[in-house]
Amino acid sequence: MPRILFLLLIITPIVAFAGPAIDIEIEGLGRTYRNNVLNYLDLEKRKDDENLTVTWLKRLHANAPDQIRAALEPFGYYNPEIEASLTEKNGKWFAVYVVDIGPPLTVSKVDVRVTGAGAKESNIQQAVAEFPLSVGDVLDHERYEQGKDAVIDAVSGLGYVKVKPEKAQVRVDTETNQAEIELTIDTGPRYYFGEVRMQQDFLDKELVQDFITIEKGKPFLNDDLLRFQQGLMASAYASTVKIDPLFEESVDNHVPLDVSMVPNKRHRISIGAGYDTDRGPRVSGRWTNRRLNRHGHHSEVILKLGTTQRELRGSYFIPVVNTL
């Protein structure tokens, strides 16, 4: 007698437990301030958390006024008055925060100065003169940071790559609603590019030298380093390019550069397919040999096949060494 096997499926319903429903209202603030407040509020961040309990909801609500105050400080408002309420109706919770933003702090003192070897550079002095906060302005921490960064960028853009703030203070007095700014930036010594040492063994040295855009003796600029690296990557000979400035080996503030290159894969094959309303279906293939020899010669073969078109094209490239 054949055996009949019965598979009994016991289906257990899955019940999703959700946290309490919450509605958050911020009253008395414009859109920019309101959005920043919501970004600070832990209650806003966790309102859709299924693990949120009523106990935790009440704790987060109790912390909300302090978080609202912290969210308004970057705009210069340190003394807001906040009325907070939390109620429940028909299983839904309502958190309401009515904010009287109060008067802003105004700047009573601005002392921005640059010390060090590059202190008298005209570009640096211009950046100091254009600092975006003046006496009488509303304290805005974002504008303060922008001004500080502008001065530092002006310094580093002239080769003072060891620039650093010696003092960066914003002192606030919430009783008088005033703020004092003190910013002192040390340029440090000015550095220059030294010898460029290429660490690679798969390309001819003469070819690699042609890709060096760094000039020995020029001010050390990070933008020039980036362009140099991007140029080496754009050649397609290397998969990675690493540039190490060796400040510890600098002589008379001329910094040597160690440049290491990892060869790219020699061969690259790509295949594509498509459909043209006039010519019908088509396929294409491309075979690239990125490095035929140490002199950087490379080749490319392209094949295109369609119902009305067939094309086979090959190219051979020889890099031209810059003789300028």
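By convention here, each chain's residues receive numbers from 1 onward along its written sequence. Since the coordinates come from a predicted model, pLDDT governs what is reported: local features require at least 70, and pairs of side-chain atoms require 80 or more to be given and counted, while whole-chain, interface and lining totals use all residues. Where side-chain values are given, they derive from all heavy atoms of the structure, hydrogens and water being excluded.

Visitor: What am I meant to see in unusual backbone geometry here?
Guide: Excluding glycine, most residues fall at negative phi; most peptide bonds, likewise, are trans. The backbone of N90 sits at a positive phi, close to 55°, despite the residue not being glycine. In DSSP terms, a helix is any run of H or I states spanning at least four residues, a strand is any run of E spanning at least two, and both are numbered starting from the N terminus. Among the structural elements, N90 can be located in the loop between β2 (81-89) and β3 (92-100). The residue D252 is not glycine, and still its phi comes out positive at about 55°. Here D252 is to be found in the loop between β8 (238-245) and β9 (254-263).

Visitor: Explain the sheet that holds strand β6 (residues 178-186) here, please?
Guide: The strands making up a sheet associate through backbone hydrogen bonding, with each pair oriented either parallel or antiparallel. One open sheet holds the three strands; their spatial order is β4-β6-β5, and the pairing between them is mixed. Since the sheet does not close on itself, it has two edges, and those belong to β4 (106-115) and β5 (164-173), each with one partner. When the angles between neighbouring strand axes are averaged without regard to direction, this sheet yields 5°. In this description, strands pair whenever DSSP reports at least two bridges between them. Fitted lines through C-alpha atoms give the axes, limited to the stretch in contact for helices. The angle between two N-to-C directions lies from 0 to 180 degrees.

Visitor: Even after reading the chapter, I still don't get the pairing of strand β12 (residues 298-306), so can you show me in this structure?
Guide: The side chains of a regular strand alternate, first on one face of the sheet and then on the other. Pairing between strand β11 (residues 280-289) and β12: eight bridges, direction antiparallel. Pairing of R282 across the sheet is with G306, part of β12. Across eight bridges, β12 lies against strand β13 (residues 310-317) in antiparallel orientation. Paired with L303 across the two strands is L312, which belongs to β13. Taking the residues that link successive antiparallel strands as the turn, the β12-β13 hairpin has three residues.

Visitor: How should I be thinking about the packing of aromatic side chains in this particular structure?
Guide: Where two aromatic rings form a pair, the distance of their centres and the angle of their planes describe that pair. Planes of paired rings set the category: under 30 degrees apart is stacked, over 60 is edge-to-face and the rest tilted, where pairs are Phe, Tyr or Trp rings (Trp by its six-membered ring) whose centres lie within 6.5 Å. Tallied over the entire structure, the rule returns seven aromatic pairs. Consider the rings of F131 and Y144, whose centres lie 6.3 Å apart with planes at 75°: the pair is edge-to-face. Of this pair, F131 sits in the loop between α4 (122-129) and α5 (141-156) while Y144 sits in helix α5; the two residues are 13 residues apart in sequence, bridging distant segments of the chain. As far as the burial class goes, F131 and Y144 line up, both buried. Judged by centre distance (5.1 Å) and plane angle (85°), the rings of Y191 and F247 are edge-to-face. Residue Y191 is found in the loop between β6 and β7 (192-199), and its partner F247 is found in the loop between β8 and β9; the two are separated by 56 residues along the sequence. Put simply, the rings of Y191, F193, F220 and F247 pair up and form one aromatic cluster. Criterion for a charge above a ring: Lys NZ or Arg CZ within 6 Å of the ring centre, and within 35 degrees of the ring normal. Positioned above the aromatic ring of W56 is the side chain of R46, whose terminal nitrogen or guanidinium carbon lies 5.8 Å from the ring centre. Think of it in three bands: with a 1.4 Å probe and only protein chains considered, a residue is buried below 20% of the maximum accessible area for its type, exposed above 50%, and partly exposed in between.

Visitor: Even after reading the chapter, I still don't get a nonpolar patch on the surface, so can you show me in this structure?
Guide: Put simply, a patch holds well-exposed residues, over 30% relative accessible area, that have no salt bridge, with like charges counted together within 9 Å and Val, Leu, Ile, Met, Phe, Trp or Tyr side chains within 5 Å. Surface exposure here means Shrake-Rupley accessible area, sampled with a 1.4 Å probe, where a residue is shielded only by the protein chains that are shown. A pair is scored as a salt bridge if a Lys or Arg side-chain nitrogen falls within 4 Å of a carboxyl oxygen belonging to Asp or Glu. A contiguous nonpolar surface patch, about 350 Å² in accessible area, is contributed by V283, L303, L305 and L312. On the secondary structure map, L312 appears in strand β13.

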